[in-house]
Amino acid sequence: MIELDWDWDFTWEVLPDLLNAAQITLSATLLGSLLAIGVGLALSLLRRSPSRWISWPVYWVVEFVRSTPLLVQIFFLYYVMPEFGVSLSPMTTGVLALGAHYGAYLSEVFRSGIDGVEKGQWEAARALNLSQFMTYRDIVLPQALRAMIPATGNYIIAMFKETPQLSAITLLEMLQTAKILGSENFRYLEPFTLVGLLYLAFSIVAALGVHQIERRFPKEGFSLR
């Protein structure tokens, strides 16, 4: 039988540092999520433009972002952009990379949700002589949001679990902090186990939150005004 050499004193010693790092991880996830939702919505609307001069370039941008690894995009923003005079902090780089990467994925989620609105709703909006902005705001998006919630929540949780990649640009999120604590004390069992448990706990809470939002969301939608 294998016995784990678990040191509780060391566990309580490193836990505060990991919780502080968790705040950085959660901040990057929250800011990245807000950016991704904004980028995704903008891209989805541009993809639906009747002008091919707009829809096709946006299509290829989305495909390019989705088809390249997140880590490559992080490195490009952090190491290549300074060559063009744009130097970003690790946190800013991480938020931009997460927001752009997952914004491309969310654009497809939002586009699918919008396309799922019944054709009669669009026809009714035209019959009422509503502008395109009012059609989206008052009729289409309120009905499409319910269908968007599960996939959007899943991508945000996936973004949270991708934040360890930001350690590659020296951002002291949870995993990088655990690596440093482990190397300083020559003990990796406790910090890595705690990090795994923190990721698990936050992911479960987020998944439950998304489920509750979906359950309480009115099926008929609501006004965005």
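The present account deals with the structure reproduced in this document. Treat the numbers as computed from the prediction; the structure is a model and nothing was measured. (Residues numbered from 1 in each chain as written. Predicted model: local features only at pLDDT ≥ 70, side-chain atom pairs only at ≥ 80, totals over all residues. Heavy atoms only, no water.)

1. Thoughts on the overall build of the protein
Helix and strand counts for the protein stand at eight helices and zero strands. Element order for the protein, N to C, with α for helix and β for strand: α-α-α-α-α-α-α-α. Seen through its principal axes, the protein has C-alpha atoms that stretch 70 × 45 × 30 Å. A total of 225 residues make up the protein; the buried ones form 38% of that total. Across the protein, contacts joining residues at least 24 apart in sequence account for 79% of those joining residues at least 6 apart. Summed over its atoms, the accessible surface of the protein is roughly 13100 Å², and 65% of this surface lies on carbon and sulfur atoms. (Helix = DSSP H or I, 4+ residues; strand = E, 2+ residues; numbered from the N terminus. Buried < 20%, exposed > 50% of the residue type's maximum accessible area, 1.4 Å probe, protein only. Contact = heavy atoms within 4.5 Å. Areas by Shrake-Rupley, 256 points an atom, 1.4 Å probe, with all protein chains shown as cover.)

2. Topic: the pattern of salt bridges
Here the structure, examined in full by the defined rule, presents eight salt bridges. One salt bridge in this structure joins D5 and R187, with 3.5 Å as the shortest N-O distance. Within this pair, whereas D5 is found in the segment before α1 (8–47), its partner R187 is found in the loop between α7 (174–185) and α8 (189–216), the two being separated by 182 residues in sequence. One network of salt bridges, in which partners are shared, links R47, R48, E63, R66, E108, R111 and D115. (Salt bridge = Lys/Arg side-chain N within 4 Å of Asp/Glu carboxyl O.)

3. Thoughts on the packing of aromatic side chains
If you walk through the whole model with that rule in mind, you get twelve aromatic pairs. Ring centres of Y105 and Y155 lie 5.4 Å apart, and the angle between their planes is 35°; this geometry places the pair in the tilted category. Taken together, the residues span a long stretch of sequence, with Y105 in helix α4 (residues 90–115) and Y155 in helix α6 (residues 132–162) at a distance of 50 residues. Here Y155 falls in the partly exposed class, since its relative accessible area comes to 28%. Site record: aromatic cluster; members linked through ring pairs are W6, W8 and W12. (Phe/Tyr/Trp six-rings, centres within 6.5 Å; stacked < 30°, edge-to-face > 60°.)

4. What to know about the nonpolar core
I114 and M148 are the most contacted members of the largest nonpolar core, which totals 23 residues. Of all the elements in the fold, those that place two or more residues in this core are α1, α3 (70–80), α4 and α6. A total of seven residues in this core trace back to one element, the largest contributor, which is α4. Here I114 is in contact with S44, L45, R48, W122, Y136, V140, L141, A144 and M148, once residues within four sequence places are set aside. In terms of nonpolar packing, the next biggest core, distinct from the first, is built from 13 residues, F10, L18, A21 and L194 among them. (Core = buried A, V, L, I, M, F, W, Y, C linked by side-chain atoms within 4.5 Å.)

5. Quick look at α3
Taken residue by residue, α3 has L70, Q73, I74 and L77 as its buried positions. Projected onto a plane normal to the axis of α3, the buried residues spread over an arc of 100° and lie on a single side. (Arc of directions from axis to C-beta.)

6. Some thoughts on a nonpolar patch on the surface
Together, L197, L200, I204 and L208 make up a nonpolar patch on the protein surface, roughly 390 Å² of accessible area in all. Its place among the elements puts L208 in helix α8. (Patch = residues over 30% accessible without salt bridge, like charges linked within 9 Å, V, L, I, M, F, W, Y side chains within 5 Å.)

7. Here's the deal with the packing of α4 against α6
Working note: a packed helix pair is described by the angle between its axes plus the distance between those axes. It is at 8 Å that the axes of α4 and α6 come closest, and there the two elements cross at 145°. Here α4 and α6 pass one another in a crossing that is right-handed. Together, L98, Y102, Y105, L106, V109, F110, G113 and I114 of α4 and Y136, V140, L141, A144, M148, A151, T152, Y155, A158, M159 and E162 of α6 make up the contact between the two elements. Residue classes in the contact of α4 with α6 are distributed as 16 nonpolar, two polar and one charged. (Axes fitted to C-alpha atoms, helices over the stretch in contact; angles between N-to-C directions. Left-handed = near helix turned anticlockwise from the far one by under 90°. Nonpolar A, V, L, I, M, F, W, Y, C, P; charged D, E, K, R; others polar.)

8. What to know about the environment of Q121
Its place among the elements puts Q121 in helix α5 (residues 119–127). With relative accessibility at 26%, the residue Q121 sits in the partly exposed group. Sequence spacing of Q121 and Q143 is 22 residues, and the spatial spacing of their C-alpha atoms is 9.7 Å. If we skip the residues at most four places from it in the chain, Q121 touches I139 and Q143.

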